[in-house]
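Spelled out from the first residue to the last, the chains are:
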Amino acid sequence: MKLTVIGCGYLGATHAACMAELGHDVLGMDNDRDKVALLNSGKAPFFERDLDPLLVKHTATGRLKFTASYAEAAAFADLHFIGVGTPQMPGEHAYDLSPLFNAVRQLAPRLTDPAVVAVKSTVPVGTAPEVADLLTAFAPAADRVEVAWNPEFLRESFAVEDTLHPDRLVLGFHSPHSWAESLLRQCLAKIIEAGTPTIVTDWATAELAKGAANSFLATKISFINAMAEICETAGADVHQLAEILGHDARIGRRGMRPGLGFGGGCLPKDLHGFIARAEELGTEAATGMLREAAAVNTRRREALVGLAREQLDGDLAGKRITVWGAAFKPGTDDIRDSPALAVAQALHELGATVTVTDPKALDNARKLHPELDYIEDPIAAVQDADLLLHLTEWPQYSHVDPHRLATRAASAKVIDGRGTLDAETWREVGWTVRALGRP
């Protein structure tokens, strides 16, 4: 098949490369000409594991190309995926849908023949009819342009795997057994034939799927972090508690990881966007637990700052603090709503000199927080530190020999904000180890 992908950020670039890997001829379209040039050279403008090899492979064969022209995209295919970002409105929790509507308005006047527009962008429920109305109003093909909803469930650093081998596909249509359904099933045939559960539903249910999934995950993470607050007071171990709960098949261990909490460009945004839309619909009473999940997540960051102050006798002025981690999670260079950087910035504002290290995200962190210090080597970063904070669980940090660090640090104190360091090993060589939710 031939298909286009409109919007080539994390979602769009990954989707385009993976559709080429499935055997389709793909044209990615983005307004940013510098991004287009970079993608055409076989390189993503961000770090995502396994993506660059696919870009190199398929741009070299010509199966995958990128353009900044809507006209070229409209003429290329009759199946158009839209994967533009939908950030939060400035100063609000609701989604900013202007990038999506702008993309539809740019594409629509160039659709002279029947086409399918499949939206992957995360949106509030009720958006699909607005997209359909815009296409009917502005596309020469009018009501011969069908709208489909195909939400994504990608995890950053696993986005390629999640696209090619998803745990489910959701396809939303205005009416069953439509041409749009036939076209999407043809496009995704290899994934469906591999046995992937495929749920065909209406627009509204498909629109709700991503926000509901992320809201549930956020609640699960915040639940175990709420238990951590109790454990800290009661002298219990939240990690052992999570293990106990996780053996119950009704609860499960995946996603229930106590620590500093969640961040990134999706989970916090989708949680707040889901709450905002529920309030618009007059169903805010149903989201009380979601608002508390967001509050727990914020408190985890505040709790770690408080623990750092405690370890430094309440006075951070002039103290040197090293932070291991800038990305919001390992395996990415994404620093959007990074808990690690939020803590680092808070400590800086309290008077500490904060040095940050990260394997992939330092360039992005420097741009956002130039007031912090940065060192690439996690061992060198500990030199003369009064306190070490482990805030992003990159696996290489767990493999650092704590004995090598003890001679560099001014004070052998570490706070494990992710609970993945071997506390006993660190203590054996003289470190004082503290962790959220642990005695």
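A short tour of the structure in this document, coming up.

Cut-offs applied
- Residues numbered from 1 in each chain as written.
- Predicted model: local features only at pLDDT ≥ 70, side-chain atom pairs only at ≥ 80, totals over all residues.
- Heavy atoms only, no water.
- Pairing = 2+ DSSP bridges.
- Helix = DSSP H or I, 4+ residues; strand = E, 2+ residues; numbered from the N terminus.
- Axes fitted to C-alpha atoms, helices over the stretch in contact; angles between N-to-C directions.
- Phe/Tyr/Trp six-rings, centres within 6.5 Å; stacked < 30°, edge-to-face > 60°.
- Buried < 20%, exposed > 50% of the residue type's maximum accessible area, 1.4 Å probe, protein only.
- Core = buried A, V, L, I, M, F, W, Y, C linked by side-chain atoms within 4.5 Å.
- Contact = heavy atoms within 4.5 Å.
- Arc of directions from axis to C-beta.
- Parallel < 35°, antiparallel > 145°, perpendicular 65-115°, else oblique.
- Left-handed = near helix turned anticlockwise from the far one by under 90°.
- Nonpolar A, V, L, I, M, F, W, Y, C, P; charged D, E, K, R; others polar.

### Quick word on the sheet that holds strand E4 (residues 79-82)
Sheet strands pair via backbone hydrogen bonds, and the direction of the pair is either parallel or antiparallel. Spatial ordering of the open sheet is given by E3-E2-E1-E4-E5-E6-E7-E8, a layout of eight strands whose pairing is mixed. Each end of this open sheet is capped by a strand with a single partner; those strands are strand E3 (64-67) and strand E8 (198-202). With strand direction ignored, the average angle separating the axes of adjacent strands in the sheet is 25°. With five bridges joining them, strand E7 (residues 169-173) and E8 adopt parallel strand pairing. Note on E8: the bridge partner recorded for Val170 is Ile199.

### Concerning unusual backbone geometry
The bulk of non-glycine residues show a negative phi, and the bulk of peptide bonds are trans. Even without being a glycine, Ser157 presents a positive backbone phi close to 80°. Locating Ser157 in the fold gives a position in the loop between strand E6 (145-149) and helix H7 (159-164). If you check the backbone angles, Asp384 has positive phi at about 65° while not being a glycine. Within the secondary structure, Asp384 sits in the loop between strand E11 (373-374) and strand E12 (387-390).

### A word on the packing of aromatic side chains
Under the counting rule described, the total for this entry stands at four aromatic pairs. Ring centres of Trp426 and Trp431 lie 5.1 Å apart, and the angle between their planes is 65°; on these two criteria the pair is classed as edge-to-face. In this structure, Trp426 and Trp431 share a single accessibility class: buried. Members of the aromatic cluster, connected to one another through ring pairs, are Trp324, Tyr397, Trp426 and Trp431.

### Remarks on the nonpolar core
Grouped together as the largest cluster of nonpolar side chains are 46 residues, with contacts concentrated most on Ile321, Leu347, Val356, Leu389, Leu405, Trp426 and Trp431. Of all the secondary-structure elements, those providing two or more residues to this core are helix H13 (288-311), strand E9 (320-324), helix H14 (339-349), strand E10 (353-357), helix H15 (362-368), E12, strand E13 (413-416) and helix H18 (423-428). In terms of residues, this core owes the most to one element, H14, which gives five residues. Discounting chain neighbours no more than four positions away, the residues touching Leu405 are Trp324, Ile379, Val382, Leu388, Val400, Trp426 and Trp431.

### Some points on the side chain of Thr287
Looking at the secondary structure, you find Thr287 in the loop between helix H12 (267-280) and H13. Discounting residues that sit within four places of it in the chain, Thr287 has contacts with Ile275 and Ala278.

### Comments concerning helix H8 (residues 179-187)
Looking only at H8, the buried set comprises Ala180, Glu181, Leu183, Leu184 and Cys187. Around the axis of H8, the buried residues are gathered within 165° of arc, so they sit on the same side.

### A closer look at the packing of H13 against H14
The geometry of H13 relative to H14 is characterised by a closest axis approach of 10 Å and an angle of 45° between their N-to-C directions. On the basis of their axis angle, the class for H13 and H14 is oblique. The two elements H13 and H14 cross, and the hand of that crossing is right-handed. Across from Arg301, Leu304, Val305 and Ala308 in H13, the residues of H14 making contact are Pro339, Ala342, Val343, Ala346 and Leu347. The class makeup of the residues in the contact of H13 with H14 is eight nonpolar, no polar and one charged.

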